[in-house]
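The lines below spell out each chain.
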Amino acid sequence: MIRYARIKDCEELLQLCITSFAIKEKPYLEYYFKHLFEDGSALISELDNKLISQIHMQSHVLKLKGKRLEVSYLSGIATHYDYRKRGIMRDLMEMVIEDCANNHLLTFMEASNPRLFERYGFEVVSQRKRYTIYAKELIKYSNQGVSEEVDAKELVDMYRRFAKRFDCYYDRDEEYYRHLIAFANYKGSHICVFKDHDGNAKGYAFYDELDDGIEVKEIIYEDTKTLCRLLKYAIGYNPFIG
């Protein structure tokens, strides 16, 4: 049976996600199901009185060449290991795509293996790149002006100034950043902000500390000097930035 998920399904949805995705995603998944999940925001398959497959659906506002466009975003795509290769995800995906097409012009997803979704009409439009920076490359830079005193409104303003460099980006509001700050506190991640001598916020970094360095999840900056100050603060005495 295929149906829309409800709040009462959260524990089963969480367990399916935990068994399907990397363990490092567990803190975000816990936060999502506790604070962000809403009735009807996922389509699920049930068999043998068990929740076996899921696709989560959200709507986001995209800024496309200066114009606002509401789009669909798919995430949390997973099928229980014992029920894979039975066409269950195919049936679920076809229903989700039809649902999204009836509501929005475009549908996006983030996938570790995009080729799996080409059969449904998806195309790769962007890719994430991973860079490694060594602490010695930042020796000449100061971290003066950087702190972990963050404000949601300041983060929104910095993001929007930075994003205007691009033709297409997700629009964000204060609620998004309030959740980001709350999630960082929940997980033990860090958000640092650089302000100039006049108190103007110039950039921020969202990162995790690892045993052998740090991993930057997102960094927003107005210029190269701001970028390097943020990284210098974040890296501390760790040798690597990833």
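On a predicted model such as this, the values are computed, not experimentally measured, just so you know.

The subject of this paragraph is the overall build of the chain. Of regular secondary structure, the chain possesses 6 helices and 12 strands. Going through the 242 residues of the chain one by one, you find that 40% of them count as buried. Contacts in the chain between residues far apart in sequence, at least 24 positions, make up 62% of those at least 6 positions apart.

By the definition in use, this model includes 15 aromatic pairs. Taken together, a centroid distance of 6.3 Å and an interplanar angle of 80° make the contact between Y159 and Y169 edge-to-face. In this pair, Y159 sits in helix α4 (residues 152-163) while Y169 sits in strand β8 (residues 168-170), placing the two residues 10 residues apart along the sequence. As far as the burial class goes, Y159 and Y169 line up, both buried. The ring centre of Y221 lies 5.8 Å from the NZ or CZ of R165, which sits over that ring.

Of all the 10 residues making up strand β10 (residues 201-210), 7 are buried; the element is thus mostly covered by neighbouring parts of the structure. In this antiparallel pair of consecutive strands, β10 and strand β11 (residues 213-221), the connection spans 2 residues.

Next up on the list: the packing of helix α2 (residues 26-35) against helix α5 (residues 174-187). With their axes 10 Å apart at the nearest point, α2 and α5 run at an angle of 130° to one another. Overall, the two elements α2 and α5 adopt an arrangement that is oblique. Considering how the two elements wind past one another, α2 and α5 form a crossing that is right-handed. Of α5, the residues touching α2 (which contributes P27, Y28, E30, Y31 and H35) are H179, A182, F183, Y186 and K187. Classifying every residue of the contact of α2 with α5 gives 6 nonpolar, 2 polar and 2 charged.

Mapped onto the elements, C192 comes out in strand β9 (residues 190-195). Residue C192 is classed as buried on the basis of its relative accessible area of 0%. Separated by 15 residues in the primary sequence, C192 and Y207 place their C-alpha atoms 8.6 Å from one another. Once you skip the residues sitting within four places of it in the chain, C192 turns out to touch V146, S147, E148, G203, Y204, A205, Y207, L230 and Y233.

Here the focus is α5. Helical geometry note: an α-helix holds 3.6 residues per turn, so side chains three or four residues apart project in the same direction. With 14 residues, α5 extends 20 Å from end C-alpha to end C-alpha; this agrees with the ideal 20 Å at 1.5 Å per step. Turning to α5, its buried residues are Y177, L180, I181, F183 and A184. Down the axis of α5, the smallest arc covering the buried residues is 165°, so these residues share one side. Residues of α5 that are buried sit in contact with α2, α4, β9, β10 and β11. Directly after α5, the chain includes G188, whose backbone phi takes a positive value near 90°.

Backbone geometry places D48, a non-glycine residue, at a positive phi of 55°. Structurally, D48 can be placed in the loop between β2 (42-47) and β3 (50-64). The backbone of K85 shows a phi angle near 60°, a positive value even though the residue is not glycine. By secondary structure assignment, the location of K85 is in the loop between β4 (67-79) and α3 (88-101). Overall, the relative accessible area of 89% leaves K85 in the exposed class.

Each value, and the rule that gives it
- Residues numbered from 1 in each chain as written.
- Predicted model: local features only at pLDDT ≥ 70, side-chain atom pairs only at ≥ 80, totals over all residues.
- Heavy atoms only, no water.
- Helix = DSSP H or I, 4+ residues; strand = E, 2+ residues; numbered from the N terminus.
- Buried < 20%, exposed > 50% of the residue type's maximum accessible area, 1.4 Å probe, protein only.
- Contact = heavy atoms within 4.5 Å.
- Phe/Tyr/Trp six-rings, centres within 6.5 Å; stacked < 30°, edge-to-face > 60°.
- Lys NZ or Arg CZ within 6 Å of the ring centre and 35° of its normal.
- Pairing = 2+ DSSP bridges.
- Axes fitted to C-alpha atoms, helices over the stretch in contact; angles between N-to-C directions.
- Parallel < 35°, antiparallel > 145°, perpendicular 65-115°, else oblique.
- Left-handed = near helix turned anticlockwise from the far one by under 90°.
- Nonpolar A, V, L, I, M, F, W, Y, C, P; charged D, E, K, R; others polar.
- Expected span 1.5 Å × (residues − 1).
- Arc of directions from axis to C-beta.

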